[in-house]
Every structure is written in C-alpha cells, then in structure tokens.
Amino acid sequence: MNYFFFLDHPDSNLSSSVEVSNFEPIPVFYKKKKKEKKNIYLFYIENSHWENEIFDEIEYGYTKVIKKNDLPINIRNKNVFITLSSKNLKKYDPPFDDKSLNTTPSWRANIKIFSSNAACSYQGEIPGGFINKNLSLVSCSPFIQTNNASIQNYFYLVNLMQNPATHQFDVEILNTSKQVLNTIKCHTNKVNLCDLSFLDCLNDKMFIFRSSKYGGIPLYFSKNLDNTQMSLEHTHPPTEYLFSGDRLSFQKKKKSYWFV
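Let me sum up the structure you'll find in this document.

Definitions and cut-offs
- Residues numbered from 1 in each chain as written.
- Predicted model: local features only at pLDDT ≥ 70, side-chain atom pairs only at ≥ 80, totals over all residues.
- Heavy atoms only, no water.
- Pairing = 2+ DSSP bridges.
- Helix = DSSP H or I, 4+ residues; strand = E, 2+ residues; numbered from the N terminus.
- Axes fitted to C-alpha atoms, helices over the stretch in contact; angles between N-to-C directions.
- Polar contact = N/O pair within 3.5 Å; in protein donor to acceptor, adjacent residues only side chain to side chain.
- Contact = heavy atoms within 4.5 Å.
- Buried < 20%, exposed > 50% of the residue type's maximum accessible area, 1.4 Å probe, protein only.
- Core = buried A, V, L, I, M, F, W, Y, C linked by side-chain atoms within 4.5 Å.

Looking now at the sheet that holds strand β12 (residues 180-187). Strand order in this open sheet of four strands is β9-β14-β11-β12, and the pairing throughout is antiparallel. Each edge of the sheet is formed by a strand with only one pairing partner; in this case those strands are β9 (137-141) and β12. The mean angle between the axes of side-by-side strands here comes to 20 degrees, regardless of whether they run parallel or antiparallel. Looking at chain direction, strand β11 (residues 168-174) and β12 are connected through seven bridges and run antiparallel. By the bridge assignment for β12, Phe 169 is matched with Cys 186.

So, in structure tokens, the structure goes:
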C-alpha cells in the first residue's frame, strides 16, 4: 500500500495539493484484475493514535485533485496523509494492511506546490514497505542553489511509520569533505520542513543530508521571492542507482562511507 502527502509551506501565497488516480501505472503488471471504485482516506495522528476519515470516492479510471485547503478545517493544520482503499475502514482502523495499491511500478500521485503564477510537482509516494522500518538517510543533493539572494531553498523530509508515536531525531548536513555544517531537528510521522538559508554564504555545490536513526523521503524545493519560478526535486535511495547486481551491497557501502 502506498501513501501520499501535502507539502505545506509557511509562505501564505503558496498552496499544496495531491492528485490521486484510481488506475494502475501499467495494467499488464497489475495482478488484481477487478476494476473498482476506491475510498480516498485522510489519516492523521490524534491523541497518540491514528484516525482516518473518508474524504471522497473515486471511480476506476478517474483522477481527483485534493487541495490542502479543501480539507475539513479541524484537520487542515495537521500532518495529513492520504491513501486509497477498497475497504470501508472504521475511524480508528489505521490504513496499513490493504494490498490493493501494490503494483509495479509503484502506484503514485502527483504532489504539487503552487502559487497564483507558477507550480511544480513530482510523481511520488511513501512505499508501504517503509512504515515498519527505522530507515537511515543519506541523500546527496546537487539541487540547492546558493549564492543567489533571489532564490530561497528548503528541505522536506517526509516520514511515516505505523507506530503513531512522534520521535525527534537529528539530520546532519555535510559538505563533500564530511564537515558537519548544521544539524536540523525532524520528527517521525511528519512532513518536516527546513529553511536552508544558512547555506547561502557557502560556495559548495553538493550537500549531504544524513541521519542514522530515521529516514524518509528527501525533497528539495527552491523558489524565487515572488513565487513566479520554483522547482521540486528528490533523490532516490542508493539501491535505485543500479539496475541489477548486488544493489543492497552498494547501498551499504555508500552509507558506510558517509556514516564514518
């Protein structure tokens, strides 16, 4: 099962949305032959446990755009996650055991940030396999534009776990010489956001974001001051750098290099 999320931002002139689709990425690889409508579930942490509610239904073959501002006002300021399910869940049933979105390639959504003049998005998801693992993080990003006063850079780290507890953890930012430039605080079960303006005075072109305790989906968002230009990029897990071979061995070597 895959999960989707909103990219909230403190700039009041920016909004976020998720466009979900009720059709498989490549039909020939989709093992479940029944074409059926699905419920769109919103779920979030309330009083230290997961709660969910149906936002809408979506017929097979259709897409639907969900804007963060379309959510019920009582949950609009929460870290709200989205999934699709053929089941009818009760309010306290966490949506973690439905296999209807298990596909190759992954069942994704279009995750977008937009202003009145521009927008950027990417096709992404939180894989269901992530939610029961304490993943570490090594993300090497060339996407940050420093030494430009008109560009603002931000780092998102999206973490989702089946356990509804909220734990704080550190993410270190390094240069290619392995010098720790800064440490930021993140939390589990949250779409974490960090302003990277403290990197503006540096001449480095590559930065490494690492955490040995928890990981997630790393995203890099840049925009100009009047929100007429913006970009959204992400880095893949190290295993995705190889098509075949011992991919886990390569990932272990890469991470061990940066964790020394």
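Take the side chain of Asn 2 next. The residue Asn 2 is located in the segment before β1 (4-5) in this model. At 3.0 Å, the side chain of Asn 2 and the backbone oxygen of Trp 107 are in polar contact. The residues contacting Asn 2, other than those within four sequence positions of it, are Ile 82, Thr 83, Leu 101, Ser 106, Trp 107, Glu 125, Ile 126, Pro 127 and Gly 128.

Next up on the list: the pairing of β9. One face of the sheet, then the other: side chains in a regular strand alternate in exactly this way. Across the five residues of β9, five count as buried, placing the element largely inside the fold. Taking every second residue as pointing to the same face, both faces of β9 are buried, with Leu 137, Ser 139 and Ser 141 on one and Val 138 and Cys 140 on the other. Bridge analysis of β9 against strand β14 (residues 207-211) gives five bridges, and the strand direction is antiparallel. Its bridge partner being in β14, Cys 140 is matched across the sheet by Ile 208.

Before going further, it helps to examine the sheet that holds β1. Spatially, the four strands line up as an open sheet ordered β1-β6-β3-β4, and their pairing is antiparallel. Strands at the two margins of the open sheet, each flanked by one partner only, are β1 and β4 (49-58). Pairing of strand β3 (residues 38-46) with β4, which is carried by nine bridges, proceeds in the antiparallel orientation. Note that in β4 the partner of Tyr 44 across the bridge is Glu 51.

What follows concerns the nonpolar core. Counting 26 residues, the largest nonpolar core has Phe 5, Leu 7, Phe 81, Leu 219 and Phe 221 as the members making the most contacts within it. Those elements giving two or more residues to this core turn out to be β7 (109-114), β8 (119-124), β10 (151-159), β15 (217-224) and β16 (230-234). Once residues lying within four places of it in the same chain are set aside, the contact partners of Leu 219 are Phe 5, Leu 7, Tyr 122, Tyr 154, Phe 155, Tyr 156, Val 158, Leu 232, Glu 233 and His 234.

Turning next to the environment of Gly 215. As for its position among the elements, Gly 215 is in the loop between β14 and β15. Owing to a relative accessible area of 3%, Gly 215 belongs among the buried residues under this scheme. Considered as a pair, Gly 215 and Leu 135 are 80 residues apart in the sequence and their alpha carbons are 4.7 Å apart. Once residues within four sequence positions are removed from consideration, Gly 215 is found in contact with Leu 135, Ser 136, Leu 137, Leu 157, Asn 159 and Phe 169.

Hairpin geometry of β11 and β12 is characterised by an intervening segment of five residues between the two adjacent antiparallel strands and by a positive phi of about 70 degrees at Lys 178. Pairing of β11 with β14 involves three bridges; the strand directions are antiparallel. Note on β14: the bridge partner recorded for Glu 172 is Arg 210.

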